[in-house]
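Residue strings, one per chain:
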Amino acid sequence: MPLADFSRTELETLLASFGEPKFRAKQVAEWLNKGARPQEMTNLPAALREKLSEIPYGGVEIERKLVSEKDGTVKYLFRLEDENLVEGVLMRYHYGNTLCLSTQIGCSMGCRFCASTLEGCVRNLTVGEMLGQIFAVERDEPATEPGHRTVTNLVLMGSGEPLDNYENVVAFLNRVTAQDGLRISARNISVSTCGIVPKIDSFVKDAPHVTLSISLHAHDDETRTSLMPINKAYPIGEVIAAAKRYADQTGRRVVFEYALIGGVNDSLQDADALSNRLRGILCHVNLIPLNPVPERGLNGVSRADAERFCQRLTERNISATVRREMGTDIEGACGQLRRRILHEIRGQNGNR
């Protein structure tokens, strides 16, 4: 197991095997919660730092960085220790900075509007690799005030299906929200799923204080199946019923993500049908004018059309907003930058 993955309890066991006193585990955990490498852990004996350095770390480094000239959004391409690549996006809002991070290398869900899935799923990310995305960003852009974080909010909406990497994601959430961890409020964290119903029901028990976001993107099975193959396993009625159970049991509003795709799901009739589907559920609809994905031949809608769709939902007593369009000039859609770089690398290798 990489050192960055170790929990406090696991560190106690590891350090006991080295003959170290119990308080060393607290010291090492504090360093790991800052993203520090063993040689940076200056309050540890040199001999212990050497032993810890012999363990694979499981860290993350920044491979590429693109900054939007339009809104300051930052797109990161992270390199893992096994040379795999994942993406993250730092978005700036008036209430703080939100990091959209990845939970898998690629994705196996096959959603038509997402570039992440075009290369398939390579593997799950570990707890340390998810934490490492936060640490890499905070090294790149340190907080300006002592004791504050650059990353104040998290959305697990990058590459991958979080609930398909369930155990690692739950362990990650425990680490980032713990008082002896990163101490990011659970209410500042959103986890997005395409709708794996059994895992949603488990999530009620394992992570009831985060915001659950469900990628819906349609109001009927035919359209949703054409966009999201997962709908064959978990039809829209089952997904919405699971969302209602989550909202009822936690008292937390569920967010339904709805990407507006020109000519597919963006008419006012679609808005009426969607509002009928969601009536009676504690929820909010986050409307997303689609970032164009040329590989899929799908186009977004104008801001004006998105606002009309939103107004129709609001008139029918469904809470809704249109998401700010961010990062369109820096390959902001999930997977686009990673895919381009992978193709560049393959092209270079093929020319040798």
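Structure: above.
Novice: I would appreciate a short explanation of the pattern of salt bridges in the present structure.
Specialist: A side chain of one charge can pair with a side chain of the opposite charge when the charged atoms of the two come close. Summed over the entire model, instances satisfying the criterion amount to 23 salt bridges. In this structure, R123 and E129 form a salt bridge, with 2.9 Å as the shortest nitrogen-oxygen distance. For E129, a relative accessible area of 6% translates into the label buried. By sharing partners, the salt bridges in this structure join R37, E61, E81 and R139 into a single network.

Novice: I would appreciate a short explanation of unusual backbone geometry in the present structure.
Specialist: Trans is the prevailing form of peptide bonds, just as negative phi is the prevailing case for residues other than glycine. The phi dihedral of H217 falls on the positive side, at around 65°, and the residue is not glycine. The residue H217 is located in the loop between strand 9 (211-215) and helix 7 (221-227) in this model. Positive phi values are uncommon outside glycine, yet N317 reaches one of about 65°. Along the polypeptide, N317 turns up in the loop between helix 10 (303-315) and strand 12 (320-322). Accessibility expressed as a relative area gives 71% for N317, which makes it exposed.

Novice: Hey, could you run me through the packing of aromatic side chains in this one?
Specialist: To describe a pair of aromatic rings, you give the distance between the ring centres and the angle between the ring planes. Throughout the structure, instances matching the rule amount to four aromatic pairs. Taking 6.1 Å as the distance between ring centres and 70° as the angle between the ring planes, the aromatic pair formed by Y166 and F203 counts as edge-to-face. Of this pair, Y166 sits in helix 5 (residues 166-177) while F203 sits in helix 6 (residues 197-206); the two residues are 37 residues apart in sequence, bridging distant segments of the chain. Side by side, Y166 and F203 carry an identical accessibility label, which is buried. A cation over a ring is seen here: K34 above W31, with NZ or CZ 5.0 Å from the ring centre.

Novice: Could you clarify how one ought to interpret the packing of helix 5 against helix 6 in this entry?
Specialist: The packing of two helices is summarised by the inter-axis angle and the distance between the axes. One can describe the packing of helix 5 onto helix 6 by two numbers: an axis separation of 12 Å at closest approach and a directional angle of 25°. Compared by their axis directions, helix 5 and helix 6 come out roughly parallel. Between helix 5 and helix 6 lies a crossing whose hand is right-handed. Residue-level inspection shows Y166, V170 and L173 of helix 5 in contact with helix 6, the latter providing K199, S202, F203 and D206. Among the residues making up the contact of helix 5 with helix 6, the classes are represented as four nonpolar, one polar and two charged.

Novice: Teacher, can you tell me more about the nonpolar core here?
Specialist: Where a protein is soluble and globular, its nonpolar side chains tend to be buried together. Formed by 82 residues in total, the largest nonpolar core has its most connected members in L154, F172 and F203. Apart from the residues lying within four places of it in its own chain, the contact partners of F172 are L101, V127, M130, L131, I134, L154 and L156.

Novice: Is there a simple way to think about empty space enclosed by the protein in this case?
Specialist: Across all of its chains, the model carries one cavity of 30 Å³ or more by this definition. Size it by volume and the largest cavity reaches roughly 100 Å³. G35, Y57, G59, G132 and F135 are, among the 15 residues lining the largest cavity, the residues nearest its centre. Breaking the lining of the largest cavity down by element, the ones donating at least two residues are strand 1 (60-67) and helix 4 (127-140). In terms of residue class, the lining of the largest cavity is made up of six nonpolar, five polar and four charged.

Conventions and cut-offs
- Residues numbered from 1 in each chain as written.
- Predicted model: local features only at pLDDT ≥ 70, side-chain atom pairs only at ≥ 80, totals over all residues.
- Heavy atoms only, no water.
- Salt bridge = Lys/Arg side-chain N within 4 Å of Asp/Glu carboxyl O.
- Buried < 20%, exposed > 50% of the residue type's maximum accessible area, 1.4 Å probe, protein only.
- Helix = DSSP H or I, 4+ residues; strand = E, 2+ residues; numbered from the N terminus.
- Phe/Tyr/Trp six-rings, centres within 6.5 Å; stacked < 30°, edge-to-face > 60°.
- Lys NZ or Arg CZ within 6 Å of the ring centre and 35° of its normal.
- Axes fitted to C-alpha atoms, helices over the stretch in contact; angles between N-to-C directions.
- Parallel < 35°, antiparallel > 145°, perpendicular 65-115°, else oblique.
- Left-handed = near helix turned anticlockwise from the far one by under 90°.
- Contact = heavy atoms within 4.5 Å.
- Nonpolar A, V, L, I, M, F, W, Y, C, P; charged D, E, K, R; others polar.
- Core = buried A, V, L, I, M, F, W, Y, C linked by side-chain atoms within 4.5 Å.
- 1 Å grid on protein atoms, 1.4 Å probe; cavity = no way out; pocket = protein on both sides within 12 Å on 5 of 7 lines; lining within 4 Å.
- Points joined across faces, edges and corners; volume = space filled by probe spheres on them.

So, to be careful, I would describe these as geometric facts and stop short of saying anything about function.
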